[in-house]
Amino acid sequence: MAKPRILIFTAMASLGLAACGTSSPGGNANAPTKVQIAAEGPFTGDEASIGAGALRGIKLAVKDFNDKGGVHGTKVDLVIWDDNHKAQTATTLQAQGISDPTILGIVGPMNSSVVEASEPGLQSASPPLPFVTESASAIKVTDAGYGVAHRVNARDDKQAALDGQFMIDQGAKRVEVLDSATDYSRPLADAVQNYLKTKAPTIQVKRDSATNGQTNFSTVVTNMKAFNADWVFFADEGTETAPLVQQMKQATLQIGQNIQFLGTDGEDDPSIVTSSQGAYLGAYASNVTADPQSVSTAASFVSAYKSAYGSDAISQAGPFYGSAYAATQVLLQAIANSTVSNGKISRNDVLSHLGSDTFNTILGPIKYDNKGDVANVTIGIFQAKGTTASPQMASVKSVSG
Amino acid sequence: MDYFLQTFPQQLVNGLEAGSLYALIALGYTLVYGILEMLNFAHGDVFMVGGFLAAGVAGLFVHNGVAAVPAALVVILMVAVAMGGSGLLGVGIERIAYRPLRNANRLAPLITAIGISLLLESVVQVQISPAPVLVPSNALVSQRVLQLGNVATPFTGATLFIAALLLMVALDLFVFRTRFGSAMRATAQDREAATFMGIDVDRVIVVTFLIGSALAGIGGVLYGLRFATVDFFMGYLLGIKAFTAAVIGGIGNLRGAVVGGLLLGVLESFGGGFISSQYQDAFAFLALIVVLLVRPQGLFGQPLTDRA
């Protein structure tokens, strides 16, 4: 009789232990020992004003996720990589993530040029290091065929169509298309120029170029004036816009009066109104992501952002604070859905879940196609309004698709 | 052709304005090279520090677009602080980094200068601001646009041009018409012989750095007022272009630096306006290559055989 009793006792003990293993979060056998993600972007440097707001969004998303229990009870640690808008800095920082298997993914990088330089290294790492960018919109980011690439924002081809159509609808006749000679800016300006040429061949287009960091635009402004442009399209990451519009004003090209201005993502930034001493008021800027303030599912996020960072924090948040929160949600949900084995989560598994799962985010559900693009993204056009001291970007047009 | 005729005067004015800033900074390069035969690559960053000092003074006195004291007084203070601060910085750099290497291999001070340049950029980036800093020029100087026929230039642009020209004339008079200027020229010609003639060469070198750096400092103020912004990287490309201007003019020659700067500005402006704005920066360096091929000593430089 002794033997069956021992067997029953052993069986009961095993069942009990097994039950413990699948119980609620908090120090259980299924919890990973360490989970880290990296936030990468230009948190200092020429684009610090857009990077800072995005970083705040990421921090808030990690905090909210951890407050709800993290990954099976393990809190996620956020590592901050400030790439300074420089590809070389980015790859150096990423090398440390590649060698640390507990870093399971990156939210960012934010700039297309940095993403494009990073992709080969992230893909060839063993295992590959996936990323979800909140703002990189160049077509090549996902068209290059790297499986690690994912984004929550729209691509340049969608943005170019929105921009081109907006100018056509507004009655543009002579458009000065300007780029700032970066990997991001030039293809986007090309795409808008092609769109105008195809859809409205009667519109005359003049193409000019600035350089990254340029402050003296007198030559370009003279060209613009001689061309008698009624619209300026400037594909830029935001840094060069304030001196340009200010010098346009000094050359009597006043936005909203005798000329209209359409910028892109980085220029959907009210701080340009202040830095241009008011010359930017009235300018339009398109954005590859939705404004969280106009998305009903993001209402609680907007209030949480204000309560965390101050009631005026939204006006300084730049264009990507909402998409940064959403990108972090995507990455964290993919991690949470991955299998924990011996206290570890494999990056390969995270990558596979990024490709197959549907993620609930503040900007709506996200499901990736085989390139890492989202089928349905809301993008919009905003206008600089208010005063020099208290500017804002107000939503003018919103398109889904 | 119409387009060319219509924009030619405006592009000329644009080029002269940009060129006057190159020339002002080029003077610092050429002064130091004339005396020490060294390339002070940190000079562009001394200009940047001048811009930040001016922005700091403006930030102290301008709140919400309104100057707390008369605007003219703020501008005078900006000029004084930027010239003084940059001048002292230049002297400090010479004393700490260059003087100990005066008799070293020629590469040593060159590498040190590049190091100082990176150091200044990093310190300003980390300690002051990695992002561009606003200079509230609309609260300090007139934003009026001066119009003459088809040609328009903002008051700040015209001020930059006129102030730069006046400073260059003043420097020329100082070097060619004063006793100390004679000492500078003597030191430039033959440092050893100048010492034998009783010239305090160390003092001449200190004053040379002081003048060159102070000019860069006021260049920073003029730049800030014109473009309403300063950033830690602004001295890099501008410094390289000013150095190019000094080489085109004949490095070591003051009048050459002025002509080189103005020529470079105008070439850039014409190239960007009439050929392609996508290659605007490249025109400066193309001009350098052409001048060096045709006249290696620069437009106003002495051939090396004459100097020896």
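Please refer to the structure higher up on the page.
A quick note: this is a predicted structure, and the numbers were derived from the prediction, not measured.

About the cut-offs
- Residues numbered from 1 in each chain as written.
- Chains lettered and ligands numbered in written order.
- Predicted model: local features only at pLDDT ≥ 70, side-chain atom pairs only at ≥ 80, totals over all residues.
- Heavy atoms only, no water.
- Contact = heavy atoms within 4.5 Å.
- Buried area = accessible area lost by both parts, 1.4 Å probe.
- Salt bridge = Lys/Arg side-chain N within 4 Å of Asp/Glu carboxyl O.
- Phe/Tyr/Trp six-rings, centres within 6.5 Å; stacked < 30°, edge-to-face > 60°.
- Helix = DSSP H or I, 4+ residues; strand = E, 2+ residues; numbered from the N terminus.
- Buried < 20%, exposed > 50% of the residue type's maximum accessible area, 1.4 Å probe, protein only.
- Lys NZ or Arg CZ within 6 Å of the ring centre and 35° of its normal.
- Pairing = 2+ DSSP bridges.
- Axes fitted to C-alpha atoms, helices over the stretch in contact; angles between N-to-C directions.
- 1 Å grid on protein atoms, 1.4 Å probe; cavity = no way out; pocket = protein on both sides within 12 Å on 5 of 7 lines; lining within 4 Å.
- Points joined across faces, edges and corners; volume = space filled by probe spheres on them.
- Nonpolar A, V, L, I, M, F, W, Y, C, P; charged D, E, K, R; others polar.

K.L.:
What am I meant to see in the interface of chain B and chain A here?
P.N.:
Interface size is commonly expressed as the accessible surface area that is lost when the partners come together. With 32 residues of chain B in contact, the opposing surface of chain A contributes 28 residues. Around 2400 Å² of area is buried between chain B and chain A when both sides are counted, 48% of it from carbon and sulfur atoms. The largest per-residue losses of area from chain B upon contact with chain A belong to Phe227, Ser277 and Gln278 of chain B, which jointly make up 21% of the total buried on that side. Put simply, chain B and chain A have zero salt bridges between them.

K.L.:
Before we go on, may I ask you to explain the packing of aromatic side chains in this structure?
P.N.:
What describes a pair of aromatic rings is the distance from one ring centre to the other and the angle between the planes of the rings. All told, the structure shown has 21 aromatic pairs over all chains when counted by the stated rule. Between Tyr98 of chain B and Phe209 of chain B, the ring centres sit 5.8 Å apart and the planes meet at 45°, which makes this aromatic pair tilted. Remark: Phe209 of chain B occurs in helix 8 (residues 201–227) and Tyr98 of chain B occurs in helix 3 (residues 71–98); sequence separation between them is 111 residues. Accessibility assignment for this pair places Tyr98 of chain B and Phe209 of chain B in one class, buried. Aromatic rings pair up to connect Phe301, Tyr305, Tyr309, Tyr321 and Tyr325 of chain A into one cluster. Across from the ring centre of Phe227 of chain A, 4.5 Å away, lies the NZ or CZ of Arg174 of chain A, which sits over that ring. In this structure, Arg255 of chain B packs its charged tip against the face of Phe176 of chain B, placed 4.5 Å from the ring centre.

K.L.:
Could you clarify how one ought to interpret the pairing of strand 15 (residues 378–386) of chain A in this entry?
P.N.:
Across a regular strand the side chains alternate sides, sitting on one face of the sheet and then on the other. Residue and element names in this part refer to chain A. Pairing of strand 10 (residues 284–287) with strand 15, which is carried by four bridges, proceeds in the antiparallel orientation. Its bridge partner being in strand 15, Ala285 is matched across the sheet by Phe382. Here strand 15 pairs with strand 16 (residues 391–400) via nine bridges, running antiparallel. From the neighbouring strand, Gln383 faces strand 16, where its bridge partner is Ala394. In textbook terms, the turn of a hairpin is the stretch between consecutive antiparallel strands, and for strand 15 and strand 16 this stretch comprises four residues.

K.L.:
Looking at this structure, I do not really get the sheet that holds strand 6 (residues 174–179) of chain A. What am I missing?
P.N.:
All names here are of chain A. A sheet is described by the order of its strands in space; here seven strands give the open sequence 7-6-8-9-10-15-16, paired in mixed fashion. Lying at the two open borders of the sheet, with one neighbouring strand each, are strand 7 (204–209) and strand 16. The sheet shows a mean angle of 20° between the axes of neighbouring strands, direction not considered. Against the sheet, helix 6 (residues 156–169) makes contact with strand 6, strand 8 (231–235), strand 9 (260–263), strand 10, strand 15 and strand 16, and its axis sits at roughly 50° relative to strand 15, the strand it touches most.

K.L.:
Whenever I open this one, empty space enclosed by the protein confuses me. Can you help?
P.N.:
Unfilled space is identified by rolling a water-sized probe across the atoms. Residues and elements named next belong to chain A. Under the counting rule described, the total for this entry stands at one cavity of 30 Å³ or more. Looking at the largest cavity, its volume works out to about 100 Å³. Around the largest cavity, the lining comprises 13 residues; the ones closest to its centre are Met110, Ser135, Glu237, Asp265 and Phe320. Residue composition of the lining of the largest cavity, by class: five nonpolar, five polar and three charged.

K.L.:
Sorry, what's going on with the sheet that holds strand 2 (residues 76–82) of chain A here?
P.N.:
Backbone hydrogen bonds are what pair the strands of a sheet, in a parallel or an antiparallel way. All names here are of chain A. Pairing is parallel across the open sheet formed by five strands, whose spatial order is 2-1-3-4-5. The sheet is open, and its two borders are formed by strand 2 and strand 5 (149–151), each paired with just one other strand. Adjacent strand axes in the sheet meet at a mean angle of 25°, parallel and antiparallel pairs treated alike. Docked against the sheet, helix 13 (residues 347–356) engages strand 3 (103–107), strand 4 (131–133) and strand 5, running at close to 45° with respect to strand 3.

K.L.:
How should I be thinking about the pairing of strand 9 of chain A in this particular structure?
P.N.:
Residues and elements named next belong to chain A. By the bridge criterion, four bridges tie strand 8 to strand 9 in an arrangement that is parallel. Bridging across to strand 9, Phe234 finds its partner in Gly263. By the bridge criterion, two bridges tie strand 9 to strand 10 in an arrangement that is parallel. Its bridge partner being in strand 10, Leu262 is matched across the sheet by Tyr284.

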